[in-house]
Amino acid sequence: MTISIRDSVPTLFVSLALTVPAALAGCGGATTAVEETTPVQETQAATPLIIGGAQSNFGGAELATGFLPDPHQVQVVSGATPTDAVDINSLSLSPVNSGACRGYSTREPDYIVRVTQPGQLLRFFVNAPGDTTLVINDGAGRWWCSDDDGGNLNPLIDIASPPPGQYDIWVGSYQAGANIQGVLSVSELTTSTP
Ligand SMILES: [Ca+2]
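Now for a description of the structure that goes with this document. (Residues numbered from 1 in each chain as written. Predicted model: local features only at pLDDT ≥ 70, side-chain atom pairs only at ≥ 80, totals over all residues.)

Before going further, it helps to spend a moment on the overall build of the protein chain. A tally of regular secondary structure across the protein chain gives 0 helices and 13 strands. Reading the protein chain from its N terminus to its C terminus gives the helix and strand order β-β-β-β-β-β-β-β-β-β-β-β-β. For the protein chain, the proportion of its 194 residues judged to be buried stands at 34%. (Helix = DSSP H or I, 4+ residues; strand = E, 2+ residues; numbered from the N terminus. Buried ≥ 20, exposed ≤ 12 C-beta atoms within 10 Å, placed from the backbone.)

This is the structure in C-alpha cells:
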C-alpha cells in the first residue's frame with residue numbers, strides 16, 4: 001500500500017506588500033507599487049534524494065509497534081536506472097549512526113514506511129546475493145547509512161527509540177550499474193538478521 005498522506009506539508013508563503021508612497025497618499029488615481037517578496041524556502045539540506053514524498057519504487061507500508069508478520073518484508077531491486085542515478089557517496093549526508101553512505105540509488109526512495117506508533121527499536125536490513133547498501137531518512141529527518149553491517153555485504157540499520165513519521169528508504173548498489181534483486185526487511189526484533 002502506498003502512503004499518500006504526508007506528515008507535514010511544506011508551506012510556501014508569498015506576501016504581497018502594498019506600498020503607497022507618502023507623497024501620493026490621499027491623491028486620486030495614485031499608483032500602487034506592488035512588492036513581491038521571495039518565497040520562504042525549506043531549510044532541508046540540498047540533496048537529490050526525494051524526502052517526504054508519496055512516490056517510491058516498490059510501494060510502502062504503515063507500521064505500528066507490534067506489527068505482524070515481523071519482519072515486514074518487501075521484494076526490491078537495488079541500485080539506479082540509466083536515467084536516474086545518484087552517487088550516494090557524493091552527498092555528504094552525515095548519518096547519525098556514522099554508517100557508510102555508499103552506493104548508487106534512484107532519487108525516489110525504494111520504499112516508504114510510515115510509523116504511526118513507534119516501539120523501542122526499528123531494524124532495517126537487506127538480504128541480497130550481492131553488495132547492497134541502505135540509506136534511510138527517518139521520521140525526524142535524520143540520515144542513517146549502512147553498507148555491510150548485516151554481514152555478507154548486506155546492510156543493516158538499527159534505530160533505537162524510533163520517532164514517528166515517514167521513513168524514506170533507499171536500497172543502493174555498491175557498484176554503479178548493478179541491479180540486484182533482494183528483500184528489504186523491517187523488524188522490531190534484534191533476532192531478525194539478513
Ligand atoms: Ca554492502
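Looking at the secondary structure, you find Ser105 in strand S6 (residues 104–105). With 28 C-beta atoms counted inside 10 Å, the residue Ser105 sits in the buried group. Separated by 19 residues in the primary sequence, Ser105 and Val86 place their C-alpha atoms 5.3 Å from one another.

Let us look at the environment of Asn57. Looking at where Asn57 falls in the secondary structure, it is placed in the loop between strand S2 (33–36) and strand S3 (60–64). As for Asn57 and Glu108, which are separated by 51 residues in sequence, their C-alpha atoms are 6.9 Å apart. Setting aside chain neighbours within four positions, we find Asn57 in contact with Thr106, Glu108 and Asp110. (Contact = placed C-beta atoms within 7 Å.)

The residue after Leu68, namely Pro69, is reached through a cis peptide bond having omega -5°. Examined against the element boundaries, Pro69 turns out to sit in the loop between S3 and strand S4 (72–77). Each neighbour pair has its own omega, and for Asp70 with Pro71 the value is 10°, a cis peptide bond. Within the element layout of this structure, Pro71 appears in the loop between S3 and S4. The phi dihedral of Ser92 falls on the positive side, at around 55°, and the residue is not glycine. Position of Ser92 among the secondary structure elements: in the loop between strand S5 (86–87) and S6. For Ser161, which is not glycine, the phi dihedral falls at a positive 45°. Structurally, Ser161 can be placed in the loop between strand S11 (156–160) and strand S12 (165–173). Using a count of 9 C-beta atoms within 10 Å as the deciding quantity, one classes Ser161 as exposed.

Turning next to the nonpolar core. As a rule of thumb, nonpolar side chains are buried together in soluble globular proteins. One finds Val113, Phe124, Leu134, Ile136 and Ile169 to be the most contacted residues of the largest nonpolar core, which totals 32 residues. Going through the elements one at a time, strand S7 (111–117), strand S8 (121–127), strand S9 (132–137), strand S10 (143–146), S11, S12 and strand S13 (181–187) are the ones with two or more residues in this core. Apart from the residues within four sequence positions on either side, Leu134 is in contact with Phe124, Val126, Cys145, Ser146, Pro155, Ile157 and Val171. (Core = buried A, V, L, I, M, F, W, Y, C linked by C-beta atoms within 7 Å.)

Within the secondary structure layout, Pro194 lies in the segment after S13. Between the C-alpha atoms of Pro194 and Val126, which are 68 residues apart in sequence, the distance is 6.4 Å. Those residues in contact with Pro194 that lie beyond four places of it in its chain are Phe125, Val126, Asn127, Gly150, Gly151, Asn152, Asn154 and Leu156.

A word on the pairing of S10. By the alternation rule, side chains of S10 split into Trp143 and Cys145 and Trp144 and Ser146, which are all buried. Between S9 and S10, which pair antiparallel in sequence order, lie 5 residues; one of them, Gly141, sits at a positive phi of approximately 85°. (Pairing = 2+ DSSP bridges.)

The next point concerns the sheet that holds S11. Taken together, the 4 strands give an open sheet; going across it, the order is S4-S13-S8-S11, and neighbouring strands pair in antiparallel fashion. Each edge of the sheet is formed by a strand with only one pairing partner; in this case those strands are S4 and S11. Between one strand axis and the next, the sheet turns by 15° as a mean value, whatever way the strands run. As judged from the 6 bridges shared by S4 and S13, these two strands associate in the antiparallel manner. Paired with Val77 across the bridge in S13 is Gln181. (Axes fitted to C-alpha atoms, helices over the stretch in contact; angles between N-to-C directions.)

Turning next to the pairing of S12. Taking burial as the measure, the 9 residues of S12 include 8 buried ones, the bulk of the element. Of the strand pairs in this sheet, S9 and S12 are connected by 6 bridges, and their pairing is antiparallel. From the neighbouring strand, Thr132 faces S12, where its bridge partner is Ser173.

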